[in-house]
Amino acid sequence: MGRCKSCKNRSLTISSILGYCADCIRGGSFDIREDIFELHRESRRRFGLREEIPKVGGKECDFCGNRCIIPEGERGFCGIRRFEDGYLRGGGEGYLSYYHDPLPTNCVADWVCPGGTGSGYPEFCYKKGPEIGYKNLAVFYHACTFNCLFCQNWHFRRMDIKGKGISAEELVDAIDERTSCVCYFGGDPSSQIIHSIKASRIALKRKRERILRICWETNGSMKEDFLEEIMNIALNSGGCVKFDLKAWDKNLHMALCNTYNDQTLENFRFAASFVKKRREPPLLIASTLLVPGYVDEKEVRSIARFISSIDPEIPYSLLGFYPQFYLTDLPRTSRSHAERCMEVAHEEGLRRVRIGNVHLLSDAY
C-alpha cells in the first residue's frame, strides 16, 4: 500500500518508490519533479551511466530527441554516443545480444504480422498461416535513450558498451535459410540506429532472392532522417515498425521515462504517413504498457485518440505489466484494467486493439 507524498492518498497502485500518484505528477509541481529526477539520477548512478541529459559545454548530438551536448572525452545520456578528439562517435558499432526465436514468437505485432498470421502471403511470408518451422533473429541493443523506471528489460544496463562491438557483417552472418525476419529492440535501437540500418542493407542484399522481413521495436526517439530510412526498409521487406507509446501526459512521461515524449509523438505521426503505401501486413503498430496506477484509462484514452486521429486502422496493443526495475512495489496489471483500457481505445475510434501478455494479468489489485 503506497502513499502519495503530495495528496497523502493511499493505494496499492501508488508506488512508494516513485513517491507520488499519477494525478499529482500530471499536475506538474516543481517539488515533485525534483524528487523524481533524483530517483532517476540514482537509478543511473548505480550502473555508471550519465545521470542527466548533458546540455552545456560540448558538441550537440542529433541522433535522438534528447539532443545531448556532450563535453570532450565524455558520453551522452545513452552511453553510446561520445565526443572524442573533436568528433562525435558511436552508434555504428553494435553493442548487442542476438538469438533465434521460433516463429510465431511473442512479438508486439505477432497478432497482425506475417510471421504470426500469414498476412502478406506469398510476397512477404512463406505460409498462409503462422510461419511454423521458421525463425526470427532477435537483436537486443544494450543501450537506451530513455530511462524507464518500469523497464521490463533493465538488465541491459549491466552489459558492456565500451569494449569491442559486433559489426553489422558479423550480425548478418547469423541469418540462416530458416530466418524469415529480423527484429531490432532493446534497450532501444535509437542510439545505434546506424548499425541496424547498415546490417539491414547488407542482409537484404545478400538475401535478395528470398523473404526476409526487417522490423524495429522502439521508443520512437530517433532523428526523423533515420526514421525515414527504417520505415522504407520495413515497407519494402514486409516488416513493421513498432512504437512503444509509454504515456500521453508530458509530466507523467518525464516522471516514468526521464524524457518528454514530443519527439516520439512527432515521429509517430511521420511514420504513419507511410502506412498508406502498404496496408497489409500493417507497417506501423503502437503499443502501451499498462503500468497500474500510472498508465491508466486517462492516458490510454488520450493515446488512442491521437492514433485514431491519424489513422484508426493502426493496430494498438495493450501490454500487461510485471513489477520490474524500480517499480517493484506495484502489482501486475489487472484484467479489469486491461479490459477497460481496450474499451476506451475502441471508444476513441481505433478498430484494431488487443490485449497482449495476457498471462501476466491478475484477477484483481
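Residues numbered from 1 in each chain as written. Predicted model: local features only at pLDDT ≥ 70, side-chain atom pairs only at ≥ 80, totals over all residues. Heavy atoms only, no water.

## Here's the deal with helix α9 (residues 297-310)
Then comes step 1: Taking 1.5 Å per residue as the helical rise, α9 with its 14 residues ought to reach 20 Å, and the 20 Å between its terminal C-alpha atoms agrees with that figure.
Then comes step 2: What α9 keeps buried is the set E299, V300, S302, I303, A304, F306, I307 and S308.
Then comes step 3: Against the buried residues of α9 lie α1 (22-27), α7 (250-257), α8 (262-272), β12 (284-290), β13 (316-320) and α10 (335-347). (Helix = DSSP H or I, 4+ residues; strand = E, 2+ residues; numbered from the N terminus. Expected span 1.5 Å × (residues − 1). Buried < 20%, exposed > 50% of the residue type's maximum accessible area, 1.4 Å probe, protein only. Contact = heavy atoms within 4.5 Å.)

## Here we look at the sheet that holds β12
Then comes step 1: Strand order in the open sheet made by the eight strands is β7-β8-β9-β10-β11-β12-β13-β14, with mixed pairing throughout. The sheet is open, and its two borders are formed by β7 (96-102) and β14 (353-356), each paired with just one other strand. Strand after strand, the sheet turns through a mean of 20 degrees between neighbouring axes, direction not considered.
Then comes step 2: Relative to strand β9 (residues 179-186), strand β8 (residues 135-141) runs parallel, the two being bridged by seven bridges. Directly across from K135, in β9, lies its bridge partner T179.
Then comes step 3: Seen against the sheet, α9 touches β12 and β13 and runs at an angle of roughly 160 degrees to β13. (Pairing = 2+ DSSP bridges. Axes fitted to C-alpha atoms, helices over the stretch in contact; angles between N-to-C directions.)

## Focus: the side chain of S237
Then comes step 1: Inspection of the secondary structure puts S237 in helix α6 (residues 224-237).
Then comes step 2: Residue class for S237 comes out buried when judged on its relative accessible area of 7%.
Then comes step 3: Among the polar contacts listed, one links the side chain of S237 to the backbone nitrogen of I214, at a separation of 3.0 Å.
Then comes step 4: Every residue in contact with S237, bar those within four places of it in the chain, is listed here: F124, L204, L212, R213 and I214. (Polar contact = N/O pair within 3.5 Å; in protein donor to acceptor, adjacent residues only side chain to side chain.)

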